[in-house]
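Working through the structure, step by step
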Amino acid sequence: MLQHDHLFEWRTIEKNVLLGLEVQNKLTPDAKEMVLDMLKTYGLYKFKDARPSQLSGGMRQRAALIRTLALKPEILLLDEPFSALDYQTRLTVGDDIGAIIKKEQKTAILVTHDLSEAVSLGSQVLVLSKRPATIQTIVDIKFPDNISALERRNSPEFKDYFNVIWKELNEHE
């Protein structure tokens, strides 16, 4: 899942989320039903006949994630998927996407330059060195399982994790 959703304007949201299955010749009635269920679960079913330009940025990102999940990947690679969104939408969508990934029980690698995003969404943060990038350190992030990404930002340990990562990034400059 990339920075931009890459939804095609000439296709409806339903057709956009089915695209990967079509390309891989995996569009079966069961697969289509699974995708329609995800559209219902994640609040996009009533927009299935809409065009991407009719959706908010957050809704478009959820559609892009459903398109990705439809292929049943073992690992999700998210390359700054919220960077094109305004700050408020970014927080909401980050919370939504984090909840979806948790509900779908997927492993995700999120590339981000936003420390708060990394701490609020991650279970581990890998701090990379400058080029050529190598793993400089790994910070394990532990919060109670039942709190959202937004709630993590308000918990006392959030600041501690943020400061540890900030120090790591600046120590090796």
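Please refer to the structure higher up on the page.
In this report, the structure presented in the accompanying data block is examined.

Counting across every chain of the model gives 3 aromatic pairs. For the ring pair Phe8 and Trp10, a centre distance of 4.6 Å and an interplane angle of 25° mean the geometry is stacked. The exposure class assigned to Phe8 is partly exposed, which follows from its relative accessible area of 32%. We classify Trp10 as exposed; its relative accessible area is 62%. Aromatic pair Phe143 and Tyr161: ring centres 5.5 Å apart, planes at 65°, arrangement edge-to-face. Of this pair, Phe143 sits in the loop between β4 (135-140) and α6 (149-153) while Tyr161 sits in helix α7 (residues 156-171), placing them 18 residues apart in sequence. An identical accessibility class is assigned to Phe143 and Tyr161; each is buried.

Let's shift gears to empty space enclosed by the protein. This model, assessed by the stated rule, comprises 1 cavity of 30 Å³ or more. A volume near 80 Å³ is recorded for the largest cavity. Lining the largest cavity are Arg90, Leu91, Gly94, Asp95, Asp114, Glu117, Ser120, Leu121, Ala149, Leu150 and Arg153. In terms of residue count, the dominant contributor to the lining of the largest cavity is helix α4 (residues 87-103) (4 residues). Tallied by class, the residues present in the lining of the largest cavity amount to 4 nonpolar, 2 polar and 5 charged.

Examined against the element boundaries, Asp95 turns out to sit in helix α4. For the buried residue Asp95, which engages in no salt bridge, the nearest side chain bearing the opposite charge is Arg153, 7.6 Å off. At 3.5 Å, the side chain of Asp95 and the side chain of Ser148 are in polar contact.

Our focus in this paragraph is unusual backbone geometry. At the junction of Arg131 and Pro132, the peptide bond is cis and its omega measures out at -10° in the coordinates. By the element assignment, Pro132 lies in the loop between β3 (124-128) and β4. Phi is positive for Asn25, close to 55°, though the residue is something other than glycine. By secondary structure assignment, the location of Asn25 is in the loop between α1 (13-23) and α2 (29-41). The exposed category is assigned to Asn25, whose relative accessible area is 73%. Phi is positive for Glu80, which is not a glycine, with a value near 45°. The residue Glu80 is located in the loop between β1 (75-79) and α4 in this model.

Rules used throughout
Residues numbered from 1 in each chain as written. Predicted model: local features only at pLDDT ≥ 70, side-chain atom pairs only at ≥ 80, totals over all residues. Heavy atoms only, no water. Phe/Tyr/Trp six-rings, centres within 6.5 Å; stacked < 30°, edge-to-face > 60°. Buried < 20%, exposed > 50% of the residue type's maximum accessible area, 1.4 Å probe, protein only. Helix = DSSP H or I, 4+ residues; strand = E, 2+ residues; numbered from the N terminus. 1 Å grid on protein atoms, 1.4 Å probe; cavity = no way out; pocket = protein on both sides within 12 Å on 5 of 7 lines; lining within 4 Å. Points joined across faces, edges and corners; volume = space filled by probe spheres on them. Nonpolar A, V, L, I, M, F, W, Y, C, P; charged D, E, K, R; others polar. Lys, Arg positive; Asp, Glu negative; His and termini not counted. Salt bridge = Lys/Arg side-chain N within 4 Å of Asp/Glu carboxyl O. Polar contact = N/O pair within 3.5 Å; in protein donor to acceptor, adjacent residues only side chain to side chain.

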